[in-house]
Amino acid sequence: MTRRISTIAALIATAFAFVALPAFAQAPVAGVDAGAAMPADYWRLPLGPQGAPPPEWSDVERSLAPKDCGQCHADRFEEWQTSLHAKALSPGLVGQLVTFDGEQASACLECHAPLAEQRQDFESARAANEGHVPARVGLAASGIGCPACHLRAHRRFGPPQRGTGTVGASADAAPHGGILRVPWFEKSEFCAACHQFSQEQAINGKPLQNTYAEWRASPQAGQGIQCQGCHMPDRRHLWRGIHDREMVASGLTARFSADSRGARFQLTNSGIGHAFPTYVTPKAVMNAVALDARGQPRTDTAVTAVIQRRVVYENDAWIERSDTRLLPGETVVLEILWGDAQRVRMWLEIHPDDFYDHDVYDDLLRDLPQGSHAARLIAEAKTHAGAGHFRLFETEIKRP
Ligand code: HEC
Ligand code: HEC
Ligand code: HEC
Ligand code: HEC
Ligand code: HEC
């Protein structure tokens, strides 16, 4: 692990030159004023190749594989491994990619496996008709790995130093030429490159992914709470979201009440810095049902309220059917009348991948040749999407 000081100095010098670029203005988020001091090319997608690492670096320093970063950053690696970023080269994605041409596939990989080296590995495997074999796609299998966020031309970028808040090049040029600490790692703009589509792609005024814009308009943004504040507490690399029961519960407040007329389930988006849910893919359903004398649900009494942005693709265009999502601070109330019942049950049902399960994957399974690799991967994705639902806030209320 030894190297010549001169190379390190040169590296740090070029790293600073990079940050001092005149382009030091706005994030490359089309249609959105990022308003942050991040160089435009940090997240200009597709990412360019890293190029040759300094010749004296050890194999582990040169490596773009997250497990190699994990040799020295074990905690971050273990967290990242459990995240959806690590699983972004999923069966639902690959099942589509293997049917695309190179250009279409690259457009998806920009966000799902963003390194130029990942696109190359995936294309080589695909050219050999092995794009569907995880062990053949090389680096692409790591999805959104450490280098996608932390490396540009092999230079390591990271947040201000923990504890001191220091920015700039680390004094200690220990492994990988040290680190350049920059403020934008702590800002929502850092996440927007992949979590915000451009306004030109809007459907009924709102892009399919509009998370950054929703956040900008939220009270949390006004208080300075960034995406990282909720999704990376203590800098942990877990990125929990709609697929995680505790995370979803942490952002909502449920209240139950009853009077002589009926019972009410009131749900508030009390702690989510964007719409609940932010994407078109999840569906949340508030449920209430009367129970019979044995405590069994009487299905003829069931009432529901769907919380979802519903879009459909028809005649070559996206159309918004409805949008009942809860913006930050908004509340929705579901009421059930007593009738002759003495007891009701209420709960919130979360289907994180509803749109994929019932729209995208059903359509693909109809169109793809039966028995093809693509059809098998999509069937696997559909099974997974259908199995991910869960209940929150389940409660029984007695007639007063
Ligand atoms: C051989 C061990 C080693 C490997 C491999 C390694 N790192 Fe590091 N890394 C370190 C050390 C030691 C530091 C502290 C450097 C300093 O403070 O100057 C560090 C610092 C960092 C920091 C800044 C942390 C802080 O305290 O602010 C980031 C971010 C980082 N590395 C990312 C990576 C990524 C991404 C990879 C893989 C592409 C990687 N590292 C591979 C040893 C390693
Ligand atoms: C601008 C970045 C971006 C691009 C480009 C992009 N995606 Fe995604 N994709 C996301 C994000 C963010 C999510 C997670 C949120 C969601 O479910 O919508 C996601 C989720 C998915 C999922 C569901 C989760 C999974 O991995 O099974 C599939 C399938 C998917 N994308 C396929 C595609 C395909 C196919 C393309 C290319 C036509 C594509 N994506 C292009 C950002 C992107
Ligand atoms: C999606 C982007 C993304 C990916 C992928 C990612 N990181 Fe990070 N990383 C960040 C951000 C953003 C921060 C700063 C978070 C903050 O300040 O709240 C950070 C912080 C860090 C730090 C500093 C932690 C500290 O305690 O000061 C290290 C070290 C690090 N990352 C290493 C890694 C390693 C190793 C991997 C892969 C296993 C990885 N990161 C994957 C975005 C990412
Ligand atoms: C005040 C806390 C908070 C802030 C700030 C916040 N989130 Fe979330 N986010 C949550 C909670 C809680 C959930 C789980 C409930 C849900 O899915 O809406 C969530 C869910 C998500 C999801 C899951 C998909 C979905 O449809 O809901 C994504 C993706 C996401 N957030 C990205 C972001 C990004 C990107 C930012 C910054 C632009 C951000 N979040 C800011 C709390 C926050
Ligand atoms: C390089 C593109 C990229 C960047 C940068 C990125 N994400 Fe993601 N993110 C994705 C994709 C793609 C997915 C979906 C992965 C999948 O399920 O296949 C995702 C998934 C998520 C999820 C899980 C959503 C769920 O459905 O539960 C959260 C939360 C999230 N990202 C938050 C963040 C935050 C916060 C940042 C900034 C620190 C960030 N992301 C930066 C592309 C990115």
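Residues numbered from 1 in each chain as written. Chains lettered and ligands numbered in written order. Predicted model: local features only at pLDDT ≥ 70, side-chain atom pairs only at ≥ 80, totals over all residues. Heavy atoms only, no water.

## Details of helix H4 (residues 74-81)
All buried positions along H4 are accounted for by Phe77, Glu79 and Trp80. Seen along its axis, H4 keeps its buried residues to an arc of 165 degrees; they face one direction. Of the surrounding secondary structure, the elements contacted by the buried residues of H4 are helix H3 (66-69). (Buried < 20%, exposed > 50% of the residue type's maximum accessible area, 1.4 Å probe, protein only. Helix = DSSP H or I, 4+ residues; strand = E, 2+ residues; numbered from the N terminus. Arc of directions from axis to C-beta. Contact = heavy atoms within 4.5 Å.)

## Digging into the nonpolar core
Grouped together as the largest cluster of nonpolar side chains are 25 residues, with contacts concentrated most on Leu267, Phe276, Met286, Val344, Met346, Leu348 and Ile350. If you list the elements that add at least two residues to this core, you get strand S6 (262-269), strand S7 (283-290), strand S8 (303-307), strand S11 (331-337), strand S12 (343-351) and strand S13 (390-398). Excluding residues that lie within four positions of it along the chain, leucine 267 makes contacts with Leu252, Thr253, Ala254, Phe276, Met286, Ile307, Leu326, Glu330, Thr331, Val332, Leu348 and Phe393. By size, the runner-up hydrophobic cluster in this structure holds 20 residues, among which are Met38, Ala65, Cys149 and Val182. (Core = buried A, V, L, I, M, F, W, Y, C linked by side-chain atoms within 4.5 Å.)

## As for the coordination of the iron atom of ligand 2
Just one protein atom donates to the iron atom of ligand 2; it is His112 (NE2), sitting 2.1 Å from the metal. Turning to its location among the elements, histidine 112 is positioned in helix H6 (residues 102-112). (Donors = N, O, S within 2.8 Å, 3.2 Å for Na, K, Ca; no water.)

## Some points on the packing of aromatic side chains
A complete count under the given rule lists 14 aromatic pairs for this structure. Here the aromatic rings of tyrosine 42 and phenylalanine 185 are separated by 6.2 Å at their centres, their planes lie at 70 degrees, and the arrangement is edge-to-face. Remark: phenylalanine 185 occurs in the loop between strand S4 (180-181) and helix H9 (189-195) and tyrosine 42 occurs in the loop between helix H1 (5-19) and helix H2 (59-62); sequence separation between them is 143 residues. Residues tyrosine 42 and phenylalanine 185 agree in their burial class; the two are buried. Look at phenylalanine 185 and phenylalanine 190: their rings are 4.5 Å apart centre to centre, the planes differ by 35 degrees, and that puts the pair in the tilted class. (Phe/Tyr/Trp six-rings, centres within 6.5 Å; stacked < 30°, edge-to-face > 60°.)

## Side note on the confidence of the model for the protein chain
With 91% of its residues at a pLDDT of 70 or more, the protein chain has an overall mean of 90. Taken together, the stretch residues 1-36 has pLDDT below 50 and engages in 69 contacts with residues farther than four places along the chain or on a different chain. (pLDDT = per-residue confidence, 0-100.)

## Examining the site of ligand 4
Close to ligand 4 lie 25 residues; Cys227, Cys230, His231, His274 and Tyr279 are nearest. One nitrogen or oxygen atom from the main chain of tyrosine 279 is found 3.0 Å from an oxygen atom belonging to ligand 4. Looking at the shell around ligand 4, the elements that each hand over two or more residues are helix H10 (211-216), helix H12 (227-231) and helix H13 (245-250). (Near = heavy atom within 4 Å. Polar contact = N/O pair within 3.5 Å; in protein donor to acceptor, adjacent residues only side chain to side chain.)

## Here we look at the sheet that holds S13
Ordered by their spatial adjacency, four strands build an open sheet running S8-S7-S12-S13, and the pairing between neighbours is antiparallel. The strands lining the two open edges of the sheet, one partner per strand, are S8 and S13. The sheet shows a mean angle of 10 degrees between the axes of neighbouring strands, taken without regard to direction. Pairing geometry for S12 and S13, over seven bridges, is antiparallel. Residue pairing across strands places isoleucine 350 opposite phenylalanine 390, the latter belonging to S13. (Pairing = 2+ DSSP bridges. Axes fitted to C-alpha atoms, helices over the stretch in contact; angles between N-to-C directions.)

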